Amino acid sequence: MSTIDSLPPLRQVIEAHGLVAKKSLGQNFLLDLNLTSKIARQAGDLSACDVLEVGPGPGGLTRGLLAEGARKVLAVEKDSRAMGALAEIAAAYPGKLQTVNADALDINPLEHLTPPIRIVANLPYNVGTELLVRWLTPKDWPPAWESLTLMFQREVAQRITAQPGSKAYGRLAILAQWRTQAGITMELPPEAFSPPPKVHSAVVHLKALPEPRFPADAQKLQSVVATAFNQRRKMLRASLKGIHPDIEDVLTSVGIKPTARAETIELEAWCALTRALTG
């Protein structure tokens with residue numbers, strides 16, 4: 001028996017349903033249910049929240065979320081092989097778990113959830129960054145969700161929380177720190193997963209701010225920052241020359257040296273530059 005509910009241990013569930021992890025789906029399963037419950041607790045009190053989970057696989061984190069008292073969990077899983085295991089969890093937690101067999105990039109989960117909403121997921125490696133950017137850049141703010149509690153490769157987690165001047169600083173740090181309070185709350189070794197990945201993992205908790213730290217258009221900010229960091233070794237006057245004919249004048253007008261490089265520019269300056277380019 002597992003230590004958090006009456007359902008079988010995850011290794012037994014994986015064997016019973018033939019859930020060999022697929023590299024093509026970015027799958028690495030967490031098998032320690034005490035650990036999945038600990039991850040669920042990083043999201044805070046879930047008793048009054050609906051929770052979106054992406055990529056539940058055999059349901060280790062799903063069970064952690066439900067055992068920790070989540071009001072409802074919507075589990076979106078692309079791998080149809082996992083639906084039987086998730087159905088068993090739904091039966092053990094009547095009315096608490098809804099499953100959708102779909103690609104998370106293709107559906108609007110908010111159609112199935114009632115605020116307040118929190119997102120908690122051990123994200124598949126191959127779609128994690130794209131989902132994060134989508135969640136951070138809705139047109140309207142505050143977003144539909146209160147917080148994101150997400151597991152990534154440790155390198156990605158460090159990029160989300162990086163500060164200017166570091167090698168990890170880039171688009172993810174700017175987008176995350178513009179609209180959220182972001183921090184790493186846990187780190188996990190490869191052996192916590194099956195199969196073990198080649199890298200360490202980390203849990204990042206991002207709490208939505210009531211409003212962005214500085215005004216800027218979300219899509220324009222993302223575009224400007226992505227363009228600059230695509231050629232991060234170049235001076236900004238070179239990396240951004242394609243987005244404005246007088247980019248040196250625009251940079252100077254907001255207090256950025258045209259000879260500066262992207263990784264040295266702080267969030268407030270990126271927002272000022274975006275406003276100047278949008279106006």
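Heads up: the structure comes first, above all this text.
Just so it is clear, the model here is predicted, and its values are computed rather than measured.

Conventions and cut-offs
- Residues numbered from 1 in each chain as written.
- Predicted model: local features only at pLDDT ≥ 70, side-chain atom pairs only at ≥ 80, totals over all residues.
- Heavy atoms only, no water.
- Helix = DSSP H or I, 4+ residues; strand = E, 2+ residues; numbered from the N terminus.
- Rg over C-alpha atoms; globule rule 2.2 N^0.38 Å.
- Contact = heavy atoms within 4.5 Å.
- Areas by Shrake-Rupley, 256 points an atom, 1.4 Å probe, with all protein chains shown as cover.
- Lys, Arg positive; Asp, Glu negative; His and termini not counted.
- Charge placed at Lys NZ, Arg CZ, Asp CG, Glu CD.
- Pairing = 2+ DSSP bridges.
- Axes fitted to C-alpha atoms, helices over the stretch in contact; angles between N-to-C directions.
- Phe/Tyr/Trp six-rings, centres within 6.5 Å; stacked < 30°, edge-to-face > 60°.
- Buried < 20%, exposed > 50% of the residue type's maximum accessible area, 1.4 Å probe, protein only.
- Core = buried A, V, L, I, M, F, W, Y, C linked by side-chain atoms within 4.5 Å.

Chemist: Please set out the overall build of the protein chain residue by residue, giving values where relevant.
Modeler: In terms of regular secondary structure, the protein chain is built from eleven helices and nine strands. Taken against the 2.2 N^0.38 rule, which gives 19 Å for 279 residues, the C-alpha radius of gyration of the protein chain at 20 Å falls within 12% of a compact globule. Within the protein chain, contacts between residues separated by at least 24 positions form 71% of all contacts whose residues are at least 6 apart in sequence. As displayed, the protein chain has an accessible area near 12900 Å², and 49% of this comes from carbon and sulfur atoms. Distance between charge centroids for the protein chain: 6 Å, based on 31 positive and 27 negative side chains.

Chemist: If you had to explain the sheet that holds strand S5 (residues 117-122) to someone new, which residues and values would you point to?
Modeler: A sheet is described by the order of its strands in space; here seven strands give the open sequence S4-S3-S2-S5-S6-S9-S7, paired in mixed fashion. Strand pairing shows two members of the sheet lacking a second neighbour, strand S4 (97-101) and strand S7 (180-188), which therefore form its edges. Between one strand and the next, the sheet's axes are offset by a mean angle of 20°, whatever the strand orientation. Where strand S2 (residues 50-54) and S5 come together, three bridges link them in parallel fashion. Bridge pairing in S5 places Asp50 opposite Ile117.

Chemist: Explain the packing of aromatic side chains to me, and be specific about the residues and the numbers.
Modeler: Under the criterion given, the structure shown has three aromatic pairs. Ring centres of Trp141 and Trp145 lie 5.6 Å apart, and the angle between their planes is 85°; on these two criteria the pair is classed as edge-to-face. In this structure, Trp141 and Trp145 share a single accessibility class: buried. A centroid spacing of 5.7 Å and a plane angle of 40° characterise the contact between Phe229 and Trp270, whose relative ring orientation is tilted. Here Trp270 lies in helix H11 (residues 267-278) and Phe229 lies in helix H8 (residues 218-230), a separation of 41 residues in the sequence. For the residue pair Phe229 and Trp270, the accessibility class agrees, reading buried in each case. Taken together, the ring pairs connect Tyr169, Phe229 and Trp270 into an aromatic cluster.

Chemist: Mind laying out the nonpolar core, listing which residues take part and the relevant values?
Modeler: Grouped together as the largest cluster of nonpolar side chains are 60 residues, with contacts concentrated most on Trp135, Leu150, Leu236 and Trp270. Setting aside its immediate chain neighbours within four residues, Leu236 contacts Ala228, Lys241, Leu251, Ile256, Pro258, Ala260, Arg261, Ala262, Ile265 and Trp270.

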